[in-house]
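# Notes for the structure review
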Amino acid sequence: MNILMISTEAEPFAKTGGLGDVIGSLPKELKKQGTDVSVMLPLYKSITKQYQSQMKFVANFPVVLSWRTQYCGIFQMEHEGITYYFIDNEQYFYRDNYYGYYDDGERFAYFSRAALEALLHIDCQPDILHCNEWQTAMVPVYLKTILKDEPIYQELKTVFTIHNIEYQGKYDQSVLHDLLGLSESDRGILDYNGAINFMKGAIVTCDKLTTVSQSYADEITYPFYGNGLEHIIKENSYKLLGIINGIDTNQFNPAKDLDITTRFTKNSIEKKADNKLFMQSKLNLREDASVPLVAMIGRLVEHKGIDLVVSVFDEIMEENIQFVLLGTGDEKFESFFRQKAVEYASKLAVVTTFSSQLATQIYAGADMFLMPSISEPCGLAQMIALRYGTIPIVRATGGLKDSIIPYNLEDQTGNGVTFQSINAQDMIGALKRTIELYREKDQWHQLVKNGMDTDFSWKNSSREYNKLYKSMLK
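So, on to the sheet that holds strand β16 (residues 368-371). Here six strands make up an open sheet; going across it, the order is β15-β14-β13-β16-β17-β18 and the pairing parallel. Both edges of this open sheet fall to β15 (348-351) and β18 (417-419), since each of them pairs with a single strand only. The sheet shows a mean angle of 15 degrees between the axes of neighbouring strands, taken without regard to direction. Lying over the sheet, helix α19 (residues 424-439) contacts β13 (293-297), β16, β17 (391-395) and β18, oriented at roughly 160 degrees with respect to β18.

Written as structure tokens, this is what we have:
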């Protein structure tokens, strides 16, 4: 069984968020289980010279995109046992950022077509193409349209994974012919609500459709979460499966992490306090190991529930806590928190840049981790927090609902604290319950132990993917 994952991100080559984490970790775990996996990515300008120097040129060939004929080069390298193929075209990928350009539709339509053409030039002969997000959505579309009569492609199966349905790749109707090179008879595949919708095309043409948690798979069949595609999701629900993401437990390991000041395990959890004192000193907070330290790390945007935090922030800061926020996003939120950092100088630290090292130090030093997301397809931060003995306080949605089990005082089960509604008072109520738990040391130690015992490795999730792949080849 040979799987080729097609993606626009994979750590350590390119990453903006969860997609990069997934494609950086899942192939390695699949390979441990005996599945032959390789990955195809754009050759971005930002990929470091360290990696580019290891790449070997494979071939070059023309790629036809409607009336355009574009150059494509293929490079190959091995990294941690996985073969990576890189699509080279400087016009499209030699840029400072991965996304956010006026011609993103053209760039990633090209990438999808080039990935398929590359199969004629590389040693990898996959059984299944596993595509991710709207940027690779044209792969299954092209297989069912322009390339459907080509013998080499006819046995190929496709999986399409929605990591976040908010980003769909919607463009003007004119791109059907002028950019994608499709005929009028193919319009129905991509046409939706007056636009050409790349993601919609993949949903209807892929053989299997997945999302990154079981709850999110259900949620996106409803208008609140479906972002306009809920009807299409429902129509294709017979091929829909939710498989929760994992994390790289070797990378996120407080017993070995060189970025934190004091390493620890669940059996030496008292050493975690050293990391709190280090964070307090580093961020100019009052040094006190006994005060509850609440953290938030992530994008400052509405769907992350930042509005809820803003609306009751003064009430939050009335509690005997310290608060650390790390993240970037909407300027109105960045400005709000910078202003509050002046107002609450001794107990609030705000860093509106991003540093992976600082993020890890915060995970290790904080006691509680607040994630009040309006929607959260999977979420990795809550899993990382638990690896470092930091208790998540989350709204029960998507992957947060699937990964965080409310702590039960009576039988001492569960690994976090949850609240249900999109309501600031429910959120602050959950925070106050967590602070009360923190004061009951026996209960708190049990909760922290439960959290650190939770298995968020890719082992279980990769087994589910392998089951899916095997079912497609029967």
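Read on, since the account is not over.
Pairing is antiparallel across the open sheet formed by three strands, whose spatial order is β8-β10-β9. Edge positions in the sheet fall to β8 (170-171) and β9 (191-192), since each has one partner strand and no second. With two bridges connecting them, β9 and strand β10 (residues 195-197) associate as antiparallel partners. In the sheet register, Tyr 192 faces β10, and the bridge partner there is Ala 195. Together, β8, β9 and β10 form the strand contacts of helix α8 (residues 198-205), whose direction differs from that of β10 by roughly 55 degrees.

Of all five residues in strand β6 (residues 128-132), five are buried; the element is thus mostly enclosed. Side chains Ile 128, His 130 and Asn 132 of β6 all project onto a buried face; the interleaved residues Leu 129 and Cys 131 project onto the opposite face, where all are buried too. The pairing of strand β1 (residues 2-6) with β6 spans four bridges and is parallel. Within β6, the position partnered with Ile 6 by the bridge is Cys 131. Where β6 meets strand β7 (residues 157-162), five bridges bridge the pair, whose relative direction is parallel. Bridging across to β7, Leu 129 finds its partner in Thr 158. Note that the unit made of β6, helix α5 (residues 138-144) and β7 has a crossover that is right-handed.

A few words on helix α21 (residues 459-473). An ideal rise of 1.5 Å per residue puts 21 Å on 15 residues; α21 measures up with 22 Å between its terminal C-alpha atoms. Buried within α21 are the following residues: Ser 461, Ser 462, Tyr 465, Asn 466, Leu 468, Tyr 469 and Met 472. What you see down the axis of α21 is that its buried residues fit within an arc of 160 degrees, all on one side. Those residues of α21 that are exposed and aimed more than 90 degrees away from the buried face are Lys 467 and Lys 470.

Another aspect to go through is unusual backbone geometry. Backbone torsion omega between Glu 11 and Pro 12 reads 15 degrees, so that peptide bond is classified as cis. Inspection of the secondary structure puts Pro 12 in the loop between β1 and α1 (18-32). Backbone geometry places Asn 193, a non-glycine residue, at a positive phi of 50 degrees. Along the polypeptide, Asn 193 turns up in the loop between β9 and β10. Not every positive phi belongs to a glycine, and Asn 227 is a case in point at roughly 50 degrees. Tracing the chain through its elements places Asn 227 in the loop between α10 (223-226) and α11 (230-235). Asn 227 sits in the partly exposed class, given a relative accessible area of 36%.

With five of its six residues buried, β7 lies for the most part within the structure. The pairing of β7 with strand β11 (residues 208-211) spans four bridges and is parallel. Residue pairing across strands places Thr 161 opposite Thr 210, the latter belonging to β11.

Right, let's talk about the pattern of salt bridges for a bit. In this structure the tally under the stated criterion is 26 salt bridges. For the salt bridge of Lys 340 with Asp 314, the shortest nitrogen-to-oxygen distance reads 2.9 Å. You can see Lys 340 sitting in helix α15 (residues 331-343) and its partner Asp 314 sitting in helix α14 (residues 313-317), a full 26 residues away along the chain. Owing to a relative accessible area of 36%, Asp 314 belongs among the partly exposed residues under this scheme. The closest approach of N and O atoms between Lys 340 and Glu 343, which form a salt bridge, is 3.2 Å. In this pair, Lys 340 and Glu 343 both sit in helix α15, three residues apart, roughly one turn of the helix. Exposure remark for Glu 343: the relative accessible area of 47% places this residue in the partly exposed category. Counted as one network, the salt bridges with shared partners bring together Glu 11, Lys 15 and Asp 21.

Applying the stated criterion to the full structure yields two cavities of 30 Å³ or more. The volume enclosed by the largest cavity comes to roughly 70 Å³. Contributing to the lining of the largest cavity are Glu 11, Asp 21, Val 22, Ser 25, Gly 246, Ile 247, Asp 248, Gln 251, Phe 252, Leu 380, Ile 384 and Trp 458. Among the elements that make up the lining of the largest cavity, the one with the highest residue count is α1 (three residues). Every residue lining the second largest cavity is listed: Met 5, Val 22, Ile 23, Leu 26, His 130, Asn 132, Thr 161, His 163, Val 212, Asn 245 and Tyr 465. Looking at the lining of the second largest cavity residue by residue, the classes come out as six nonpolar, five polar and no charged.

Cut-offs and rules
Think of each chain on its own: its residues are numbered from 1, step by step along the sequence as written. Where totals are concerned, whole chains, interfaces and linings use all residues; where local detail is concerned, this predicted model gives features only for residues with pLDDT of at least 70, and gives and counts side-chain atom pairs only at 80 or more. Side-chain descriptors were evaluated using all non-hydrogen atoms of the structure, hydrogens and water having been removed beforehand. A pair of strands is treated as paired once DSSP finds two or more bridges between them. A run of H or I in DSSP counts as a helix once it spans at least four residues, and a run of E counts as a strand once it spans at least two, with each numbered from the N terminus. The axes used here are C-alpha line fits, helices contributing only the stretch in contact, and every angle between their N-to-C directions lies in the interval 0 to 180 degrees. Whether two residues touch is decided by their heavy atoms; if any such pair falls within 4.5 Å, the residues are in contact. For the exposure calls, accessible area comes from a 1.4 Å probe over protein chains only, and a residue counts as buried if that area is under 20% of its type's maximum, exposed if over 50%, partly exposed in between. If you view a crossover with the strands going away from you and the path from the first strand over the helix to the second runs clockwise, you call it right-handed. Any helix carries an expected span of 1.5 Å times its number of residues minus one. Throughout, the arc means the angular range of directions from the helix axis out to the C-beta atoms. Within this document, salt bridges are pairs made up of a side-chain nitrogen of Lys or Arg and a carboxyl oxygen of Asp or Glu, the two lying within 4 Å of each other. Within this scheme a cavity is a closed region of a 1 Å grid, computed over the protein atoms alone, that accommodates a 1.4 Å probe without allowing it to escape, whereas a pocket is open but has protein on both sides within 12 Å along at least five of seven lines; lining residues each have an atom within 4 Å of a point. Grid points are joined across faces, edges and corners, and a volume is the space filled by probe spheres set on the points. Charged residues are taken to be Asp, Glu, Lys and Arg, nonpolar residues to be Ala, Val, Leu, Ile, Met, Phe, Trp, Tyr, Cys and Pro, and polar residues to be all remaining types, Gly included.

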